[in-house]
Amino acid sequence: MRPPQLSVTRVAPSILAADFSKLGAQVREVLDVGAKVIHVDVMDGHFVPSITMGPLAVSALREIVAEYGAMLDVHLMIERPERHIAEFTNAGAGSITVHAEATPHLDYVLDEIRAAGAGASLAVCPSTPLTVYGEVREMIDMALCMTVNPGWGGQGFIESSIGKIERLRHMLAEGVSLAVDGGIALGTAERCAAAGATTFVAGTAVLGSADPAGAYVALAETVGDPRV
Ligand code: DX5
Ligand code: ZN
């Protein structure tokens, strides 16, 4: 059950870079110009040092994204994600990304996500080997390659990610989306696309910019997001 919005090339604006005093309006700005995947970064203060948001942020946005036929992709940077899947799917997550480093129970948690009707996605940090993808090849709808160390927005893209994306592309089953996350802007997005990425998470470059709609459109045109 692959979420339809992930089956084509997409720029996924991350709300981590938004102005939270006007979150709904900012998300509408990018939805109005064609964004179909909104990325929600959940951090627990353990797996990564920062604490950000939880299921309440997801449920606050679920109706807005539904109006546009878009979805919420929830990136769980939390330990033992298997203990929290139901909270996020009940809140309206369309897909959930868990980290390979965060639990010994990947088979279980990926199965749990799909059983709840959401798309299942597996992320790895920059230093984590790709071998884990071989074991879960048929269990995922998306693979997320961190192109910075998780925990903060606004970091510089890690250059060695390009080779890693190329290797990961060859390990994935046909049609599985390959997401990149961290330091994605026009130049890095273009190189990630050439390496095989199909979902481009962007925080600072879109909702952190002075013109989120214009920034989204420019990035979408660069990578071939059809915006419909
Ligand atoms: C970082 C998060 C990212 C973050 C990206 O740990 O996973 O999704 O929002 O921010 P930028 O695009 O600013 O690097
Ligand atoms: Zn993220």
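Anything mentioned here points back to the structure above.
Not measured: the values here are computed from a predicted model.

1. A short note on the packing of helix H7 (residues 186-195) against helix H8 (residues 212-223)
Helix-helix packing is described using two parameters, namely the angle between the two axes and the distance between the axes.
Inference 1: The geometry of H7 relative to H8 is characterised by a closest axis approach of 9 Å and an angle of 25° between their N-to-C directions. Looking at the two axes, H7 sits roughly parallel to H8. As for how H7 packs across H8, the hand of that crossing is right-handed. Each of Leu 186, Ala 189, Glu 190 and Ala 193 in H7 lies in contact with H8, whose residues at this interface are Ala 218, Leu 219, Thr 222 and Val 223.
Inference 2: Of the residues in the contact of H7 with H8, the class split is 6 nonpolar, 1 polar and 1 charged.

2. Quick look at the side chain of Thr 97
Inference 1: The topology assignment puts Thr 97 in strand S4 (residues 95-99).
Inference 2: For Thr 97, a relative accessible area of 0% translates into the label buried.
Inference 3: Setting aside residues no more than four positions away along its own chain, Thr 97 makes contact with Asp 73, Val 74, His 75, Leu 76, Ser 121, Leu 122, Ala 123, Met 142 and Leu 144.

3. Side note on helix H2 (residues 55-67)
Inference 1: Taking 1.5 Å of rise per residue, 13 residues should cover 18 Å, and H2 covers 19 Å from first to last C-alpha, within 8% of that figure.
Inference 2: At Leu 61, H2 shows its largest kink, close to 40°.
Inference 3: Among all positions in H2, only Ala 57, Val 58, Leu 61, Ile 64 and Val 65 are buried.
Inference 4: In this structure, the buried residues of H2 make contact with helix H1 (23-32), strand S2 (37-43), strand S3 (71-77) and helix H3 (85-91).
Inference 5: Phi for Gly 69, located one or two positions after H2, is positive at around 65°.

What counts, and at which threshold
- Residues numbered from 1 in each chain as written.
- Chains lettered and ligands numbered in written order.
- Predicted model: local features only at pLDDT ≥ 70, side-chain atom pairs only at ≥ 80, totals over all residues.
- Heavy atoms only, no water.
- Axes fitted to C-alpha atoms, helices over the stretch in contact; angles between N-to-C directions.
- Helix = DSSP H or I, 4+ residues; strand = E, 2+ residues; numbered from the N terminus.
- Parallel < 35°, antiparallel > 145°, perpendicular 65-115°, else oblique.
- Left-handed = near helix turned anticlockwise from the far one by under 90°.
- Contact = heavy atoms within 4.5 Å.
- Nonpolar A, V, L, I, M, F, W, Y, C, P; charged D, E, K, R; others polar.
- Buried < 20%, exposed > 50% of the residue type's maximum accessible area, 1.4 Å probe, protein only.
- Expected span 1.5 Å × (residues − 1).
- Bend = angle between axes of the 7 residues up to and from the residue.

From the geometry alone we can't say anything about function, so treat these as descriptive.
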